[in-house]
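Secondary and tertiary structure notes
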Amino acid sequence: MENRAVLLVVVVATAWLLVDGSAGLTFSSRLIHRFSGEAEALWASRNGNVQGRSWPRRNSLEYFELLLSNDLKRQRLKLGSKYEMLFPSEGSGTLFFGNDFDWLHYTWIDIGTPNVSFLVALDAGSDLLWVPCECIQCAPLSASYYSMLDKDLSEYSPSFSSTSNHLPCSHNLCKLSTNCKGPKEPCPYIAEYDSENTSSSGFLVEDKLHLASVSNLATQNHVQASVILGCGRKQSGGYLNGAAPDGVMGLGPGDISVPSLLAKAGLVRNSFSICFDENDSGRILFGDVGFATQQSTPFLPIAGKFDTYFIGLEHYCVGSFCLKLTQFQALVDSGSSFTYLPAKIYEKIVLEFDKQVNATRINQSESTWEYCYNASSQELHSVPTMRLMLIMNQSFMVNNPVYSVPVNQEFTIFCLTLLRTDLDYGVIGQNFMMGYRLVFDRENLKLGWSKSNCQDIGGEQVHLTPPTAANDGSPNPLPTTQQQSMPKTPAVPPALAGRASSNSSVAVPCQIPSWLCLTSSLVMLLCLCAGHLIRSLFDL
């Protein structure tokens, strides 16, 4: 009994010594090369022989091949994905059609076997990829209905694709399984958006999404990835009136979104980027983590979960003046055409803008943009800048906060493209994203951005040409009141909006000194060894 007591005292005393005096301790260990003679002898002593193991002669061809093979394995483990980046097989480019397609950005994707092309809207505010399918109530798909297209849009049919499978109600991604009569029935879905009675409904299908890979900044082979998509049999609201007639690609953090499924399959890293430029084009890349030098701000959890891409704004600056009490949270949403601010903050910002602008304010009865001006060419160049000051003191400069239309050679009408919302959070829409490569780094829970012309990846151009879309090059007219209003913008499903709270905060992990981590590990190891010794003493 005395021996056991002494042992416990020694263990406790030693542990205290390690914690209290760890700064003065030095730990060392010997490094043994995996193919050295010493390693071979150690292997033989533990396993009896080395005949079943390849042990190459030093500096032989086999020796270097094994080293190279191991390096490649380590690189794959470090990267954690098969491809550097992926993009739709039709091309990484995005398209913008202005009024015709409700001021959203689109890209062509191919689905199924044989592949069928769809022009889908890019929406970071929702999760589901859906396309018109076995239609009961869908938008017109004929090119004659849209002035900007030279080919008909498509309708998906699971029975025509040899790689399609109905997602059963028993699948863990089936959220409406309670509505099923049996576990083998096709899983139903209803995607509701915070827009005027806007929704899509049908059933879920698993099929192949056709992609192209990027490696070393060069286009590689085509890739087929299994994704979950909605067979959209019935659409309503804005989806029948010009918004996303051929479907929506949800890019949200949910398990069912395309970025989530690609990352879970190990095809790319859990990140993607979108880029929109002033020339009505852009780019989408799955697996893109951006530049090491890019700015970033953390995503905020809502009700303890990262279900949406919320960020925190500390100040809103107009010109060189940063307004006080303008803190709010905002949803970063590529599916929102314009930017919305909570009502009280909106009032402060537009009044400050109006005070600084050097132009004549006019009344645009057909526009819900409240602050519009008639400016000369000289006055147009003096429009106040706008800057968002984000968490961690990161600055996001809005490249073009106004929308302008020339009236004649001397004068231009421009409007401040901000809208108010009665919600307690804002929405950062496409108009504020222009000129940036935005990286949705879901792996590290942060939003990154860097200035970009949307034509380069690290300085090299990567692009596959999508199907031709007619474009007469004429400027897009100012949106009408109906086209600008919040209900026309498929921003965020009501279920998600209801969870938004102004009290949410960023969870910042506690920073523990590395020496303390090392000390704690040694103490735990010592206590573990002591436990074995104590049990042995009790057995005596």
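Residues numbered from 1 in each chain as written. Predicted model: local features only at pLDDT ≥ 70, side-chain atom pairs only at ≥ 80, totals over all residues. Heavy atoms only, no water.

1. Section: the overall build of the protein chain
If you tally the helices and strands in the protein chain, you get 10 helices and 28 strands. The proportion of buried residues among the 540 residues of the protein chain is 49%. Contacts in the protein chain between residues far apart in sequence, at least 24 positions, make up 69% of those at least 6 positions apart. Accessible area of the protein chain: about 27,100 Å², with a carbon and sulfur share of 54%. (Helix = DSSP H or I, 4+ residues; strand = E, 2+ residues; numbered from the N terminus. Buried < 20%, exposed > 50% of the residue type's maximum accessible area, 1.4 Å probe, protein only. Contact = heavy atoms within 4.5 Å. Areas by Shrake-Rupley, 256 points an atom, 1.4 Å probe, with all protein chains shown as cover.)

2. Comments concerning the confidence of the model for the protein chain
Per-residue confidence for the protein chain averages 78 on the pLDDT scale, and 72% of its residues sit at or above 70. In this model, residues 1-23 is a region of pLDDT below 50 whose contacts with residues beyond four sequence positions or in other chains number 25 contacts. This stretch, residues 463-540, has a pLDDT under 50; its non-local contacts, to residues over four places away or in other chains, come to 158 contacts. (pLDDT = per-residue confidence, 0-100.)

3. Re the state of the cysteines
Here the structure, examined in full by the defined rule, presents seven disulfides. Covalent S-S linkage joins Cys-275 and Cys-454, the inter-sulfur distance amounting to 2.0 Å. When the S-S torsion is -80 degrees, as for the bridge of Cys-275 with Cys-454, the disulfide is left-handed. Within this pair, whereas Cys-275 is found in strand E11 (residues 271-276), its partner Cys-454 is found in the loop between strand E28 (446-451) and helix H8 (481-484), the two being separated by 179 residues in sequence. Judged by relative accessible area, Cys-275 falls into the buried class, the value being 4%. Exposure remark for Cys-454: the relative accessible area of 1% places this residue in the buried category. (Disulfide = S-S within 2.5 Å.)

4. Some remarks on the nonpolar core
Ranked by size, the top nonpolar core spans 105 residues in total, and within it Phe-286, Tyr-316, Phe-353 and Phe-440 carry the most contacts. Tallying contributions element by element places strand E9 (residues 218-236) first for this core, with six residues. In this structure, Phe-96, Phe-338, Ile-391 and Tyr-425 belong to the second largest nonpolar core, which totals 16 residues. (Core = buried A, V, L, I, M, F, W, Y, C linked by side-chain atoms within 4.5 Å.)

5. Examining helix H5 (residues 343-356)
The terminal C-alpha atoms of H5 lie 20 Å apart, and with 14 residues this matches the ideal 20 Å at 1.5 Å per residue to within 8%. Restricting attention to buried positions, one finds in H5 the residues Ile-345, Tyr-346, Ile-349, Val-350, Glu-352 and Phe-353. Projected down its long axis, H5 shows its buried positions confined to an angular sector of 160 degrees, all on one face. Across H5 from its buried face, at more than 90 degrees, point the exposed residues Lys-344 and Lys-355. (Expected span 1.5 Å × (residues − 1). Arc of directions from axis to C-beta.)

6. Considerations on the pairing of E11
Within E11, six of the six residues are buried, leaving the element largely enclosed by the surrounding structure. Along E11, one buried face is formed by Ser-271, Ser-273 and Cys-275 and the opposite face, lined by Phe-272, Ile-274 and Phe-276, is buried too. Pairing of E11 with strand E27 (residues 436-441), which is carried by six bridges, proceeds in the antiparallel orientation. Bridge pairing in E27 places Phe-272 opposite Phe-440. (Pairing = 2+ DSSP bridges.)

7. Concerning empty space enclosed by the protein
In total, this model carries three cavities of 30 Å³ or more according to the counting rule given. Sorting the residues of the lining of the largest cavity by element identifies strand E21 (386-390) and helix H7 (430-433) as the ones contributing at least two each. Here the lining of the largest cavity is built from residues that sort into 10 nonpolar, no polar and no charged. (1 Å grid on protein atoms, 1.4 Å probe; cavity = no way out; pocket = protein on both sides within 12 Å on 5 of 7 lines; lining within 4 Å. Points joined across faces, edges and corners; volume = space filled by probe spheres on them. Nonpolar A, V, L, I, M, F, W, Y, C, P; charged D, E, K, R; others polar.)

8. As for the sheet that holds strand E20 (residues 372-376)
If you trace the four strands from one edge of the open sheet to the other, you get E19-E20-E24-E23, paired in antiparallel fashion. Only two strands of the sheet have a single neighbouring strand rather than two, namely strand E19 (360-362) and strand E23 (402-406). Averaged over neighbouring strand pairs, the angle between their axes works out to 30 degrees when direction is ignored. (Axes fitted to C-alpha atoms, helices over the stretch in contact; angles between N-to-C directions.)

9. Points about the packing of aromatic side chains
Applying the stated criterion across every chain yields a total of 22 aromatic pairs. Pairing Tyr-193 with Tyr-239 gives two aromatic rings, centres 5.2 Å apart and planes at 90 degrees, and the pair type is edge-to-face. Of this pair, Tyr-193 sits in the loop between strand E7 (188-192) and strand E8 (199-215) while Tyr-239 sits in the loop between E9 and strand E10 (248-250); the two residues are 46 residues apart in sequence, bridging distant segments of the chain. Tyr-239 matches Tyr-193 in its accessibility class, with the two residues each being buried. A connected cluster of aromatic rings, assembled from ring pairs, spans Phe-96, Trp-103, Phe-338, Trp-369 and Tyr-403. Over the aromatic face of Tyr-371 sits the side chain of Arg-361, whose NZ or CZ is 3.8 Å from the ring centroid. (Phe/Tyr/Trp six-rings, centres within 6.5 Å; stacked < 30°, edge-to-face > 60°. Lys NZ or Arg CZ within 6 Å of the ring centre and 35° of its normal.)

10. A short note on the pattern of salt bridges
In the structure shown here, the tally under the stated rule is five salt bridges. Residue Glu-352 is joined to Lys-355 by a salt bridge in which the shortest nitrogen-to-oxygen separation is 3.3 Å. Here Glu-352 pairs with Lys-355, and both are found in helix H5, just three residues apart, close to one helical turn. Glu-352 sits in the buried class, given a relative accessible area of 9%. Between Arg-420 and Glu-370 there is a salt bridge, with its nearest N and O atoms 2.6 Å apart. Within this pair, whereas Arg-420 is found in strand E25 (residues 418-421), its partner Glu-370 is found in the loop between E19 and E20, the two being separated by 50 residues in sequence. For Arg-420, a relative accessible area of 34% gives the class partly exposed. The exposure class assigned to Glu-370 is partly exposed, which follows from its relative accessible area of 35%. Connected through shared salt-bridge partners, Glu-347, Glu-370 and Arg-420 make up one network. (Salt bridge = Lys/Arg side-chain N within 4 Å of Asp/Glu carboxyl O.)

11. Comments concerning unusual backbone geometry
The amide bond that connects Thr-113 to the next residue, Pro-114, takes the cis arrangement and shows omega of 0 degrees. Tracing the chain through its elements places Pro-114 in the loop between strand E3 (105-111) and strand E4 (116-123). Despite not being glycine, Ala-244 has its phi angle at roughly 50 degrees, a positive value. Note that Ala-244 resides in the loop between E9 and E10. Positive phi values are uncommon outside glycine, yet Leu-445 reaches one of about 55 degrees. Note on placement: Leu-445 falls in the loop between E27 and E28. Residue classification places Leu-445 among the partly exposed residues on the basis of a relative accessible area of 34%.

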